[in-house]
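Now for the letters of each chain:
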Amino acid sequence: DAGITQSPRYKITETGRQVTLMCHQTWSHSYMFWYRQDLGHGLRLIYYSAAADITDKGEVPDGYVVSRSKTENFPLTLESATRSQTSVYFCASSTQGYEQYFGPGTRLTVT
Amino acid sequence: AQKVTQAQTEISVVEKEDVTLDCVYETRDTTYYLFWYKQPPSGELVFLIRRNSFDEQNEISGRYSWNFQKSTSSFNFTITASQVVDSAVYFCALSEALSGANNLFFGTGTRLTVIP
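Please read these numbers as outputs of a predicted model, since none were measured by experiment.

A. Looking closely at the packing of aromatic side chains. Here the structure, examined in full by the defined rule, presents 23 aromatic pairs over all chains. For the pair Phe 90 of chain A and Phe 102 of chain A, a centre-to-centre distance of 6.4 Å together with 80 degrees between the ring planes defines the contact as edge-to-face. Of the two residues, Phe 90 of chain A sits in strand E9 (residues 87-94) while Phe 102 of chain A sits in strand E10 (residues 101-102), which places them 12 residues apart along the sequence. Each member of the pair, Phe 90 of chain A as well as Phe 102 of chain A, is classed as buried. Ring centres of Tyr 64 of chain B and Phe 77 of chain B lie 5.1 Å apart, and the angle between their planes is 90 degrees; on these two criteria the pair is classed as edge-to-face. Residue Tyr 64 of chain B is located in strand E8 (residues 64-69), and its partner Phe 77 of chain B is located in strand E9 (residues 74-79); the two are separated by 13 residues in the primary sequence. Per residue, the accessibility class of Tyr 64 of chain B equals that of Phe 77 of chain B, and both read buried.

Written as structure tokens, this is what we have:
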């Protein structure tokens, strides 16, 4: 019973490189979310998805791309990483209108 | 616009003391949901409670209790007889029915330290 997993858990990359963060859930939740957590900002929504092939922007989408070809997976791609994207990234899933369950997070450092 | 304010950035208490974490929210929606999450030092986010705007009944779960007051737009969280394991960052969050009740807007969190 894995629930929701994220990989990698830690990543160091250089400015300008593309990096993809993976998220997988086993609950068959329709909704999936990506947040970033930065000191002083709490968690901010980057993108979310209501179902496979349906995605929408959140509060801070610039510089990120998402896709959702399968219900259980929701990868987040930084197409050209910048230092301002150094953060802890959390994936979450839920059924509509209910509490979200979070993955363990990915700590990304862009040098 | 929706907003969640957790004015207490950090709180320290001695073990066995009671502590209340404040949460004030703003929304124009009449149907909304309020949440509390706990983030222990290990970093994961743990769901604690969800409350909808039509249910102002206070809730108690063991040493945890929540006081929801629409009149003051507050959803405060009290830990009774605090323990060292309660040390964590606690986040209050809001979602609105108008946005599909899916997007969570988080406060900036309150870091609670329980001193043994």
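There's plenty left to go through after this.
B. Inspection of the pairing of E9 of chain B at higher detail. Residues and elements named next belong to chain B. Most of E9 sits inside the fold, with five of its six residues counted as buried. Direction of pairing for strand E3 (residues 19-21) relative to E9: antiparallel, over a ladder of three bridges. Residue pairing in the sheet places Val 19 in a bridge with Ile 79 of E9. Where E8 and E9 come together, six bridges link them in antiparallel fashion. Bridge assignment links Trp 66 to a residue of E9, and that residue is Phe 77. Taking the residues between adjacent antiparallel strands as the criterion, E8 and E9 are bridged by four residues, where Ser 73 takes a positive phi near 50 degrees.

C. Representation of the side chain of Arg 68 of chain A. Among the secondary structure elements, Arg 68 of chain A is positioned in the loop between strand E7 (64-66) and strand E8 (76-78). A distance of 3.2 Å separates a polar side-chain atom of Arg 68 of chain A from the backbone oxygen of His 29 of chain A.

D. Seen up close, the interface of chain B and chain A. Of the residues lining the interface, 17 residues belong to chain B; the matching set on chain A comes to 18 residues. Carbon and sulfur atoms supply 56% of the area buried between chain B and chain A, which totals about 1600 Å² over both sides. The largest per-residue losses of area from chain B upon contact with chain A belong to Leu 45, Asn 102 and Phe 106 of chain B, which jointly make up 33% of the total buried on that side. One can count two residue pairs in polar contact (both at pLDDT 80 or more) joining chain B with chain A. Of all the secondary-structure elements, those providing two or more residues to the side of chain B that touches chain A are strand E5 (32-39) and strand E6 (46-52) of chain B. At four residues, E5 of chain B tops the list of elements feeding residues into the side of chain B that touches chain A.

E. Looking closely at the sheet that holds strand E1 (residues 4-7) of chain A. Residues and elements named next belong to chain A. Pairing within the open sheet is antiparallel, and its four strands lie in the order E1-E3-E8-E7. The open sheet terminates on both sides in strands that have one partner only, identified here as E1 and E7. On average, adjacent strands in this sheet sit at an angle of 20 degrees to one another, irrespective of strand direction. As judged from the three bridges shared by E7 and E8, these two strands associate in the antiparallel manner. By the bridge assignment for E8, Tyr 64 is matched with Leu 78.

F. Region of interest: unusual backbone geometry. Note that the residue after Ser 7 of chain A, namely Pro 8 of chain A, is joined by a cis bond; omega there is -10 degrees. Along the chain, Pro 8 of chain A falls in the loop between E1 and strand E2 (10-13). Its identity as a non-glycine residue notwithstanding, Ser 73 of chain B has a phi of 50 degrees, on the positive side.

G. Main features of the nonpolar core. Counting 23 residues, the largest nonpolar core has Trp 36, Phe 77, Tyr 90 and Leu 112 of chain B as its most contacted members. Mapped onto this core, the elements with two or more residues apiece are strand E2 (10-14), E3, E5, E8, E9, strand E10 (88-96) and strand E12 (110-115) of chain B. Among the elements that make up this core, the one with the highest residue count is E10 of chain B (four residues). Residues contacting Phe 77 of chain B, with those up to four places away along its chain left out, are Val 19, Thr 20, Leu 21, Trp 36, Leu 48, Tyr 64, Ser 65, Trp 66 and Tyr 90 of chain B. Of all hydrophobic cores here, the second largest spans 19 residues; its members include Leu 43 and Tyr 48 of chain A together with Tyr 37 and Phe 106 of chain B.

H. View of the state of the cysteines. Residue and element names in this part refer to chain A. Using the criterion set out here, one finds two disulfides over all chains in the structure. In this model, Cys 23 is linked to Cys 91 through a disulfide, with the two sulfur atoms separated by 1.8 Å. In this structure, the disulfide formed by Cys 23 and Cys 91 twists by about -75 degrees around the S-S bond and is classed as left-handed. Separated by 68 residues along the polypeptide, Cys 23 in strand E3 (residues 19-25) and Cys 91 in strand E9 bring together distant segments of the chain. No difference in accessibility class separates Cys 23 from Cys 91, as the two residues are buried.

The rules we used
- Within each chain, residue numbers correspond to sequence positions counted from 1 in written order.
- Chains and ligands are labelled by the order in which they are written, letters from A for the one and numbers from 1 for the other.
- Note on the predicted model: pLDDT of at least 70 is required for a residue's local features to be given, and 80 or more for side-chain atom pairs to be given and counted; whole-chain, interface and lining totals, by contrast, use all residues.
- Where side-chain values are given, they derive from all heavy atoms of the structure, hydrogens and water being excluded.
- Note on aromatic pairs: the rings of Phe, Tyr and Trp (six-membered ring only in Trp) are paired at centre separations within 6.5 Å, and the planes decide the class, stacked below 30 degrees, edge-to-face beyond 60, tilted for the rest.
- Runs of E in the DSSP output that reach at least two residues are strands. Runs of H or I that reach at least four are helices, and both are numbered from the N terminus.
- Throughout, exposure labels follow a simple rule: accessible area from a 1.4 Å probe, protein chains only, divided by the maximum for the residue type, with under 20% read as buried, over 50% as exposed, and the rest as partly exposed.
- The criterion for strand pairing is that DSSP finds at least two bridges linking the strands in question.
- Distance and chemistry together define a polar contact, namely a pair of N or O atoms within 3.5 Å, with one atom able to donate a hydrogen and the other to accept it when in protein, and with adjacent residues in sequence counting only for side-chain atoms on both sides.
- Should any heavy atoms of two residues lie within 4.5 Å, those residues are considered in contact.
- The buried area of a pairing is the accessible area, by a 1.4 Å probe, that goes missing from both parts when the two are put together, added over both.
- For helices, the axis comes from a line fit to the C-alpha atoms of the stretch in contact; other axes are also lines fit to C-alpha atoms, and the angle between any two N-to-C directions lies between 0 and 180 degrees.
- Only buried residues count toward a nonpolar core, which is a set of Ala, Val, Leu, Ile, Met, Phe, Trp, Tyr and Cys residues joined through side-chain atoms within 4.5 Å.
- Disulfides are defined as cysteine sulfur pairs within 2.5 Å.

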